[in-house]
Amino acid sequence: MKVAIPALISACLGVGICGFGAAYMYNARMNQQIPTSPALELSISEFSLIDQNGELADQSILDGNYTVAGFIFTNCPGLCPIMTRTMADAQTRLRGLDVQFVSFSLDAERDSPEAMVAFAETHGADLDNWILLTGDTEETRRIVREDLLLVVDDETDNQVPTADGGTMANILHPTRMLLIGPNRKVLGMYSVMDGSGVDALEADLRQILGR
């Protein structure tokens, strides 16, 4: 698909930076469309996490569904709020289509189900068809590194404030929305920095669904 990013390119270039200024310049450079290599396929493997209701959730939540997904942490000072608001915009525009939304936490130590709900609702998420996953930081980071071949890492020399008044290392992570198919294959990655990403996501999903 025209918006999917090849894994080898995105491994080098697809890292998100949560500091807003640097992140904006980074994403501005990455807004061009990069064609998919037919030799490269990405898919989400098995996982075991906890949803916003405190219940166990695994890869079966993706099976049989089209899913728009993103990776966040609730103390993120820059791009996580933007990503969540952009996904909320996509949720509004795609209402009535067979699609769900999922946010994976990269900081389970601080991102309790309650914290995830508060963060998502603050930034416009409708939890009727939006699943918030936390529970094991290494599990979600494994998905990023091994399944998506992208970068996630603690930026120990860049401390950001936390909700409890402390600080934590900023987390470098992917800052694009993912479209995941019913077989857990990644169908595309989309910018969250302007409306073009949501436009492309909507166009692709409507084409897939014939809507």
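A brief structural summary. All values derive from a computational prediction rather than experimental measurement.

## Some remarks on the packing of aromatic side chains
Point 1. In this structure the tally under the stated criterion is three aromatic pairs.
Point 2. Between the aromatic rings of Phe47 and Phe104, the centroid separation amounts to 5.7 Å while the plane-to-plane angle is 80 degrees, which identifies the pairing as edge-to-face. Here Phe47, found in the loop between helix H2 (20–29) and strand E1 (48–50), pairs with Phe104, found in strand E4 (residues 99–105); they are 57 residues apart in sequence, far enough to count as distant.
Point 3. Assessed through its relative accessible area of 4%, Phe47 is described here as buried.
Point 4. Taken together through their ring pairs, the aromatic side chains of Phe47, Phe71 and Phe104 make up a single cluster.

## A look at the sheet that holds strand E3 (residues 66–72)
Point 1. With mixed pairing, the five strands of this open sheet are ordered in space as E5-E4-E3-E8-E9. In this open sheet, the two strands that pair with only one neighbour each are strand E5 (130–133) and strand E9 (186–190). Each neighbouring strand pair of the sheet contributes to a mean axis angle of 20 degrees, computed without reference to strand direction.
Point 2. Direction of pairing for E3 relative to strand E8 (residues 177–180): antiparallel, over a ladder of three bridges. Within E8, the residue paired with Ala69 across the bridge is Leu178.
Point 3. Strand contacts of helix H3 (residues 79–93): E3, E4, E5 and E8, with the helix running at about 165 degrees to E3, the strand carrying the most contacts.

Rules and cut-offs
Residues numbered from 1 in each chain as written. Predicted model: local features only at pLDDT ≥ 70, side-chain atom pairs only at ≥ 80, totals over all residues. Heavy atoms only, no water. Phe/Tyr/Trp six-rings, centres within 6.5 Å; stacked < 30°, edge-to-face > 60°. Helix = DSSP H or I, 4+ residues; strand = E, 2+ residues; numbered from the N terminus. Buried < 20%, exposed > 50% of the residue type's maximum accessible area, 1.4 Å probe, protein only. Pairing = 2+ DSSP bridges. Axes fitted to C-alpha atoms, helices over the stretch in contact; angles between N-to-C directions. Contact = heavy atoms within 4.5 Å.

These values are about where atoms sit, not about what they do.
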